[in-house]
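Examination of the molecular architecture
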Amino acid sequence: FIKTIKNSDDKIVFLQGNPGTGKTSFISYLSQIENSIIDFRYYTYIPLNKESSCFTDDDGYYNGKVLWSSILNQIKMKFEELNILSELHFPLIFDRLNVNELRNNVLKYLPIYAEKLGRTCYIFIDGIDHAARSADQRTSFINQLPSPSEISNNVKFVLVGQPTDNENIQQLIGRPNV
């Protein structure tokens, strides 16, 4: 899998599988291995935990503001580790930014992070099908995902979820390719 996405020219990759096939477990495994390619990760839902009897209806996790804020916060933590926040004029507080500003900042800083890494940067968004099925498509991040032309050559998005007929996802990725 890693070799396939590293060697792919696609800037957006869709890892799909039926419910219960282990997609999230696989991504969790990948995030734990040494030299993991998973730089940033977002769950569109709260993953099931057999130790917890609490379940969620995922309300709000498909929201674009939540997605972009989460990724921007993760980028902020990586830049803090590198001690370069002020050098980059990185926004320290972004609760007043609108969805477009959050998204634009994410797309601005991801290639900079990849450059600092010296390799392609990978963003995994798990549960894309939850966002595709959300009742409120106006605030769903599905329509806010970048097109391949908006993504820098040193950045790749990996969308993880169940097969979907959602037109927006199919247009975005062209075809499921993993």
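Residue indices follow the written sequence of each chain, beginning from 1 at its first position. Residue-level local features of this predicted model are given only where pLDDT is at least 70; pairs of side-chain atoms are given and counted only at 80 or more, and the full residue set underlies all totals for whole chains, interfaces and linings. With hydrogens and water excluded, all non-hydrogen atoms of the structure serve as input to the side-chain values.

To continue, consider the overall build of the chain. What counts as a helix is a DSSP run of H or I of at least four residues, what counts as a strand is a run of E of at least two, and both are numbered from the N terminus. Counting its secondary structure elements, the chain contains seven helices and four strands. Walking the chain from its N terminus toward its C terminus, one meets helices and strands in the order α-β-α-β-α-α-α-β-α-β-α. The buried label goes to any residue with under 20% of its type's maximum accessible area, the exposed label to any with over 50%, and the partly exposed label to all in between, with areas taken from a 1.4 Å probe on protein chains only. Out of the 178 residues in the chain, the part that is buried amounts to 46%. Contacts spanning at least 24 positions in sequence make up 75% of the contacts within the chain whose residues lie at least 6 apart. Total accessible area computed for the chain in this model is approximately 9800 Å², and 47% of it derives from carbon and sulfur atoms. In this description, contact between two residues means that some pair of their heavy atoms is separated by no more than 4.5 Å. All accessibility values rest on the Shrake-Rupley procedure with a 1.4 Å probe; residue burial counts only the protein chains present in the view.

Take helix H3 (residues 64–82) next. By definition here, a helix of n residues has an expected span of 1.5 Å times n minus one. Over its 19 residues, H3 runs 27 Å from end to end, which matches the ideal 27 Å to within 8%, given 1.5 Å per residue. Buried within H3 are the following residues: Gly64, Leu67, Trp68, Ile71, Leu72, Gln74, Ile75, Lys76 and Phe79. The inward-facing, buried residues of H3 contact strand S2 (38–43), helix H4 (85–88), helix H5 (99–117), strand S3 (121–126) and strand S4 (155–161). The opening residue of H3 is Asn63, an N-cap whose side-chain oxygen sits 2.7 Å from the backbone nitrogen of Lys65. The positive-phi residue at the C-terminal boundary of H3 is Asn83, with phi of around 60 degrees. In protein, a polar contact means a hydrogen-donor-capable atom and an acceptor-capable atom, both N or O and within 3.5 Å, with residues adjacent in sequence counting only if both atoms are side-chain atoms; elsewhere, any N or O pair within 3.5 Å suffices.

This paragraph deals with H5. Here H5 is 19 residues long and its end C-alpha atoms lie 27 Å apart, about the 27 Å a rise of 1.5 Å per residue gives. For H5, the full list of buried residues reads Leu102, Arg103, Asn105, Val106, Leu107, Tyr109, Leu110, Pro111, Tyr113 and Ala114. Buried residues along H5 sit against S2, H3, H4, S3 and S4. Near the N-terminus of H5, the side chain that reaches the backbone nitrogen of Asn100, with its oxygen 3.0 Å away, is that of Asn98. Of the residues one or two after H5, Gly118 is the one with positive phi, at around 80 degrees.

Any two strands with at least two DSSP-identified bridges between them are counted as paired. The strand order across the open sheet formed by four strands is S1-S4-S3-S2, and the pairing between neighbours is parallel. Each of the sheet's edge strands pairs with one partner strand only, and the pair in question is strand S1 (12–16) and S2. When strand polarity is set aside, the average angle formed by the axes of neighbouring strands in this sheet is 20 degrees. The pairing of S3 with S4 spans six bridges and is classified as parallel. By the bridge assignment, Tyr122 is partnered in S4 with Lys156. For helices, the fitted axis covers only the stretch in contact; all axes are lines through C-alpha atoms, and the angles between them, taken along N-to-C directions, range from 0 to 180 degrees. Seen against the sheet, helix H2 (residues 23–32) touches S1, S2, S3 and S4 and runs at an angle of roughly 150 degrees to S2. Against the sheet, H3 makes contact with S2, S3 and S4, and its axis sits at roughly 150 degrees relative to S2, the strand it touches most.

As a further point, take the packing of H3 against H5. Across the interface, H3 lies against H5 with an axial gap of 9 Å and an inter-helix angle of 35 degrees. The element H3 and its partner H5 pack so that their crossing is left-handed. Packed against H3, whose contacting residues are Gly64, Lys65, Trp68, Ser69, Ile71, Leu72, Ile75, Lys78, Phe79 and Leu82, the element H5 presents Val99, Leu102, Arg103, Asn105, Val106, Tyr109, Leu110, Ile112, Tyr113 and Lys116 at the interface. Three categories are distinguished: nonpolar for Ala, Val, Leu, Ile, Met, Phe, Trp, Tyr, Cys and Pro, charged for Asp, Glu, Lys and Arg, and polar for the others, with Gly belonging to the last. Tallied by class, residues from the contact of H3 with H5 come to 13 nonpolar, three polar and four charged. Handedness of a crossing follows from how the near helix is turned relative to the far one, being left-handed for an anticlockwise turn of less than a right angle and right-handed for a clockwise one.

Cavity and pocket criteria rest on a 1 Å grid covering protein atoms alone: a 1.4 Å probe that fits but cannot get out defines a cavity, protein on both sides within 12 Å along at least 5 of 7 lines defines an open pocket, and an atom within 4 Å of a point defines a lining residue. Grid points are joined across faces, edges and corners, and a volume is the space filled by probe spheres set on the points. Per the counting criterion, the structure on display carries one cavity of 30 Å³ or more. In this structure, the largest cavity occupies an estimated 30 Å³ of space. Taken together, Leu107, Leu110, Pro111, Glu150, Ile151, Ser152 and Val155 make up the lining of the largest cavity. With three residues, H5 is the largest single contributor of residues to the lining of the largest cavity. Among the residues making up the lining of the largest cavity, the classes are represented as five nonpolar, one polar and one charged.

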